[in-house]
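Chain by chain, the residues run as shown.
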Amino acid sequence: MTSPASDTAAAPATRAVAADIEHAMSRALELAARGPATGPNPQVGCVILSPAGHTLAEGWHRGVGTPHAEVDALAKLDADQARGATAVVTLEPCNHTGHTGPCSEALIEAGITRVFYALSDPNPVAHGGAQRLRNAGVEVVGEVLADAVSSFMHDWLAAMSLGRPYITLKWASSLDGRTAAADGSSQWITGESARAHAHRQRAKADAILVGTGTVLTDNPALTARAPDGTLLPHQPIPVVVGERPVPPDARLFTHPQRPVITASRDLSAILAGLFARGVRHAFVEGGPTLTTAFVAAGLVDEYLIYLAPTLLGGPHSAIGDIGVGTIGEQRRLIVSSVERLGDDTVLVARPATQADESTEEGVR
């Protein structure tokens, strides 16, 4: 039987181990952010600790075809250094052979004896690594700093859950919700700071979708650019949706990525096709016909709205009829952030769920 004195003595050591693991997970999350935020694979980081809790190696995933975070970290160790060590990784080690072998097997072969991860892998092709590790006698613990990692990976996780790209819908408008003046001119409603911010957000997406009306009216390049006009390192694939033909001299054909032109009206089918191509985050940027279709179909996961302190009036609203016949049918949103950009304001919101609305009712 253990004495109270020995219980007291053991408690600080247990807390110290937990603190070491959480610290390592925080570091793994920082490492994950170094990887590309776009593409089919998630951003993952890994820290390998010695039995005494000291950092032996760090790794992160650098994109399709490169070593996964665990393998990247293991490669920095000598043959026997990982034996008896602990791996702390932001996502459950994979159990899949694709461009690279399964990370779970690499950890087993390296002699890792404990694995802590934040989130289970939702990918049906890659999941199962935790059980494979347990079957090999490795101690496995999940849900470490799960909320922080889930927030960081929210768009990729949503895409994997939905089987389609995570959709960010963006528009820039006057305070009265107009995206252009009566004659259709819209350059520029917002100022330079807001436009630079919008281009940085474009660069975080795998694809950018517009309707043929926008192509014919504005002839956009659909590139992600710095304020001086130079291209940002990552460029989203331009996707044009609509039945009208796109002129062969349209600026989007000079885009670094080959454009995707589709005459389909089936948004779900279009998104499924993009998902199959590895698109996990798509940016919908108009015009109002395409914007309205996405909102009406309930396919928007995030709203990115730039508001300029001006009034335009007229017919050019950001969105049209989305099927709201009475006030009880309104599409409620949850605002997650509001930021000033020069004279303009950028607002980020997401559709309210039934759980959100129930919580709101309970607070009243």
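Throughout, residues of each chain are indexed from 1 in the direction in which the sequence is written. At least 70 in pLDDT is required for a residue's local features to be given in this predicted model, at least 80 for side-chain atom pairs to be given and counted, and no such filter applies to totals for whole chains, interfaces and linings, which use all residues. The basis for every side-chain value is the complete set of non-hydrogen atoms in the structure, without hydrogens or water.

S.K.: Give a detailed account of the sheet that holds strand β1 (residues 45–49), specifying residues and quantitative values.
M.R.: A pair of strands is labelled paired if DSSP reports no fewer than 2 bridges between them. Secondary structure is summarised from DSSP: a helix means a run of H or I of at least four residues, a strand means a run of E of at least two, and numbering begins at the N terminus for each. Taken in spatial order, the 5 strands line up as β2-β1-β3-β4-β5 in an open sheet, and their pairing is mixed. With partners counted over all chains shown, the strands left at the sheet margins are β2 (55–60) and β5 (139–141), one partner each. Sheet twist, expressed as the average angle between the axes of neighbouring strands with direction ignored, equals 15 degrees. Note on definitions: angles span 0 to 180 degrees between N-to-C directions of axes, and those axes are lines fitted to C-alpha atoms, for helices only across the stretch in contact.

S.K.: I'd love a proper account of the packing of aromatic side chains, names of residues and values included.
M.R.: Working definition: rings of Phe, Tyr and Trp (its six-membered ring) pair if their centres are within 6.5 Å, and the pair is stacked with planes under 30 degrees apart, edge-to-face with planes over 60 apart, and tilted otherwise. What the rule picks out here adds up to 1 aromatic pair. Ring geometry for Trp171 and Tyr303: centres 6.3 Å apart, planes at 75 degrees, overall edge-to-face. Placement of Trp171 in strand β6 (residues 166–174) and of Tyr303 in strand β11 (residues 302–308) is noted, with a sequence separation of 132 residues between them. Comparing Trp171 with Tyr303 shows no difference in burial state: the two are buried. When the NZ atom of lysine or the CZ atom of arginine is within 6 Å of a ring's centre and also within 35 degrees of its normal, the charge is said to sit over that ring. Over the face of the ring belonging to Trp60 we find Arg34, whose NZ or CZ atom lies 4.8 Å from the ring centre. Against the face of Phe275 rests Arg280, its NZ or CZ located 3.9 Å from the ring centre. Think of it in three bands: with a 1.4 Å probe and only protein chains considered, a residue is buried below 20% of the maximum accessible area for its type, exposed above 50%, and partly exposed in between.

S.K.: Describe the sheet that holds β6, naming the residues involved and giving the relevant values.
M.R.: The 8 strands are arranged β9-β8-β7-β10-β6-β11-β13-β12 in an open sheet whose pairing can be described as mixed. At either margin of the open sheet sits one strand with a lone partner, and together these are β9 (260–262) and β12 (333–341). In this sheet, adjacent strand axes meet at a mean angle of 20 degrees when their direction is disregarded. Sheet strands touched by helix α7 (residues 192–202): β6, β7 (207–211), β10 (281–284), β11, β12 and β13 (344–351). Its angle to β11, the strand with the most contacts, is close to 165 degrees. By definition, residues are in contact when any of their heavy atoms lie within 4.5 Å.

S.K.: Can you lay out the pattern of salt bridges for me, pointing to particular residues and giving the numbers?
M.R.: If the charged atoms of two oppositely charged side chains come close together, the side chains can form a pair. Criterion for a salt bridge: a side-chain nitrogen of Lys or Arg within 4 Å of a carboxyl oxygen of Asp or Glu. For the structure shown, the criterion picks out 10 salt bridges. The closest approach of N and O atoms between Glu30 and Arg27, which form a salt bridge, is 3.0 Å. Separated by 3 residues within a single helix, Glu30 and Arg27 lie in helix α1 (residues 4–32), roughly one turn from each other. Taking the relative accessible area as the measure of exposure, Glu30 reaches 48% and is therefore partly exposed. On the basis of relative accessibility, which here comes to 25%, the residue Arg27 falls in the partly exposed class. Across the pair Arg83 and Asp80 runs a salt bridge, and its minimum N-O distance is 3.8 Å. What emerges from the salt-bridge pattern is a single network uniting Arg27, Glu30 and Glu58.

S.K.: Describe helix α3 (residues 103–110), listing the residues and the values that go with them.
M.R.: Of all the residues in α3, the buried ones are Cys103, Ser104, Leu107 and Ala110. Along α3, the residues classed as buried sweep out an arc of 130 degrees about the axis, all on the same side. Packing partners of the buried residues in α3 comprise α2 (69–74), β3 (86–91), β4 (114–119) and α4 (129–135). Residue Gly111 follows α3 closely and has a positive phi angle near 90 degrees. Summarising the geometry, the arc corresponds to the directions from the helix axis toward the C-beta atoms.

S.K.: Kindly report on the pairing of β13, identifying the contributing residues and their values.
M.R.: Sheet analysis places β11 next to β13, joined by 5 bridges and oriented antiparallel. By the bridge assignment, Tyr303 is partnered in β13 with Ala349. Sheet analysis places β12 next to β13, joined by 8 bridges and oriented antiparallel. Bridged to Arg340 within β13 is Thr345. Here β12 hands over to β13 after 2 residues, with Gly342 in that stretch at a positive phi of 65 degrees.

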